Amino acid sequence: MKKSIRQVDVNGKKVLVRVDFNVPLTEDGKVADDTRVRAALPTLRYLLEHGAAVILMSHLGRPKGVRVESMSLRPVADSLARLLDRPIIFAEDCVGPIAEDAAARLKPGQVLLLENLRFHQGETKNDPEFAAKLGKLADLYVNDAFGTAHRAHASTVGVTEHLPAVAGLLMEEEIRSLGRLLDPERPFVAILGGAKVSDKLPIIRNLVDRVDQLLIGGGMANTFLKALGYSVGKSLVEDDQIDNCKKIIKEFKDQGKELLLPIDVVVANFFMEEADHKEVRVDAVPEDWLILDIGSQTAERFAEAARSAKTVFWNGPMGVAEWQNFARGTERMAVALGEIDAYTVVGGGDSVAAVARFGLEERFDHVSTGGGASLEFVAGEELPAVVRLEEAD
Ligand code: ADP
Ligand code: MG
């Protein structure tokens, strides 16, 4: 058990909270979806009610170590001010004199939001000097950004060298809910999709020992299909991962476990929302077309597998769920999981956004804010940022 803010005295303390305010912005620079901001509210309210001065830090987008105005966190300050119904002080920099001044002046009950951490190269490099500068700002460190817990960055790992580190309420809830998947009621079925094959493949190998059945859809399935010798046309494929896919297929077979891949798919003639599209069997993908969703028979087969499960973990949409014509597979999966009695968990930015669009969030036992992070956790890996949090007494 990790120590959380509920087990420490925060009264009169300056508390540096790593939140995940990596929100989508509109073209005119407003917060397009405040889900992640709202997710941090329980922790922020708790700290404020218990007499802390709250300093918030986050990344937004990938500015790669330089200041990029379109990736400023300032719009989030406005959004947060409305949600918390109090003014938010904004510092134009997350370290150095500007941040230190603002932090020094901060009083209990006040909230300071620091500018985007990734405007400095030191953040993603976990640079010790940069981490030390962050550590200077406060008396206590709280991590409430589960979605980045699988990354060893200055704000998730380095900073804990300088401050006592505990979990926020969101982090605590993630660890508890995902923890149930480490000793799951069986059968345990995992469903994977999405686009990041090379990111997720090494983790899938560790899933082999843990799950009873693995279902793969989405862009990720294409590389597996190609590994089995199917021609996938112009679909998204990571050719350098084909050997790894073959190994995973073999490992499942050797353990006598089922790895289900699509048997039919929705193909399109362009990577476009309004492209022509049709459903075909996986052995009939036209050469110039791309796979953008699983087909209806696959969705039914996957749903049937889920119905026999006692525990289900799902990360990654079954197709390009942002586009209505290619969202059916993801929707069918979400509906099926919403109807079963099993312990169901969905994780990942795009997966959760899709489930929310279908209005099915409430049907899941846990909706995780982490994609890669939840997958690594479920695969039994130690997340570097979680490891750094103090153990409860
Ligand atoms: P999550 O955010 O839930 O962890 P990922 O980020 O790994 O999921 O993957 C989501 C992305 O994968 C979405 O942008 C979606 O459009 C894309 N995707 C899913 N299926 C396909 C496909 N067949 N071809 C191309 N992109 C796909
Ligand atoms: Mg994503």
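All of the points below concern the structure found in this document.

The rules behind these values
Residues numbered from 1 in each chain as written. Chains lettered and ligands numbered in written order. Predicted model: local features only at pLDDT ≥ 70, side-chain atom pairs only at ≥ 80, totals over all residues. Heavy atoms only, no water. Near = heavy atom within 4 Å. Polar contact = N/O pair within 3.5 Å; in protein donor to acceptor, adjacent residues only side chain to side chain. Areas by Shrake-Rupley, 256 points an atom, 1.4 Å probe, with all protein chains shown as cover. Helix = DSSP H or I, 4+ residues; strand = E, 2+ residues; numbered from the N terminus. Nonpolar A, V, L, I, M, F, W, Y, C, P; charged D, E, K, R; others polar. Patch = residues over 30% accessible without salt bridge, like charges linked within 9 Å, V, L, I, M, F, W, Y side chains within 5 Å. Salt bridge = Lys/Arg side-chain N within 4 Å of Asp/Glu carboxyl O. Lys, Arg positive; Asp, Glu negative; His and termini not counted. Charge placed at Lys NZ, Arg CZ, Asp CG, Glu CD. Buried < 20%, exposed > 50% of the residue type's maximum accessible area, 1.4 Å probe, protein only. Contact = heavy atoms within 4.5 Å. Axes fitted to C-alpha atoms, helices over the stretch in contact; angles between N-to-C directions. Parallel < 35°, antiparallel > 145°, perpendicular 65-115°, else oblique. Pairing = 2+ DSSP bridges.

1. Remarks on the site of ligand 1
And step 1. Around ligand 1, the surrounding shell holds 19 residues, and the nearest of these are K200, G219, E322, D350 and S351.
And step 2. Between ligand 1 and N315 there is a distance of 3.1 Å, counted from an oxygen atom to a side-chain nitrogen or oxygen.
And step 3. Within the side chain of E322, one N or O atom sits 2.6 Å away from an oxygen atom of ligand 1.
And step 4. When ligand 1 is considered free in solution it has 580 Å² of accessible area, and contact with the protein chains removes 90% of it.
And step 5. Of all the secondary structure elements, the ones that give two or more residues to the shell around ligand 1 are α9 (218-227), β12 (290-294) and α13 (349-357).
And step 6. Here the shell around ligand 1 takes three residues from α13, the largest share from any one element.
And step 7. Residues of the shell around ligand 1, tallied by class, amount to five nonpolar, ten polar and four charged.

2. With respect to a positive patch on the surface
And step 1. Together, R62, K64, R151 and K196 line one region of the surface with positive charge.
And step 2. Examined against the element boundaries, R62 turns out to sit in the loop between β2 (53-57) and α3 (74-84).

3. Quick notes on helix α7 (residues 169-179)
And step 1. M171, E172, E174, I175, S177 and L178 are the residues of α7 that are buried.
And step 2. In this fold, the buried residues of α7 make contact with β5 (140-143), β6 (165-167), β14 (343-347), β15 (366-368), α14 (372-378) and α15 (384-387).

4. Some words on the packing of α9 against helix α10 (residues 242-254)
And step 1. One can describe the packing of α9 onto α10 by two numbers: an axis separation of 8 Å at closest approach and a directional angle of 80°. Relative to α10, the element α9 lies roughly perpendicular. Of the residues in α10, those in contact with T223, F224, K226 and A227 of α9 are I242, C245, K246, I248 and I249.
And step 2. Split into classes, the residues belonging to the contact of α9 with α10 amount to six nonpolar, one polar and two charged.

5. Details of the pairing of strand β10 (residues 264-268)
And step 1. The element β10 is extensively covered by neighbouring structure, given that five of its five residues are classed as buried.
And step 2. Both faces of β10 are covered, namely the face carrying D264, V266 and A268 and the face carrying V265 and V267.
And step 3. Two elements, β10 and strand β11 (residues 277-281), share five bridges in a ladder whose sense is antiparallel. Following the sheet pairing, V266 is matched in β11 by E279.
And step 4. Examined bridge by bridge, β10 and β12 share four bridges and lie antiparallel to one another. By the bridge assignment for β12, V266 is matched with D293.

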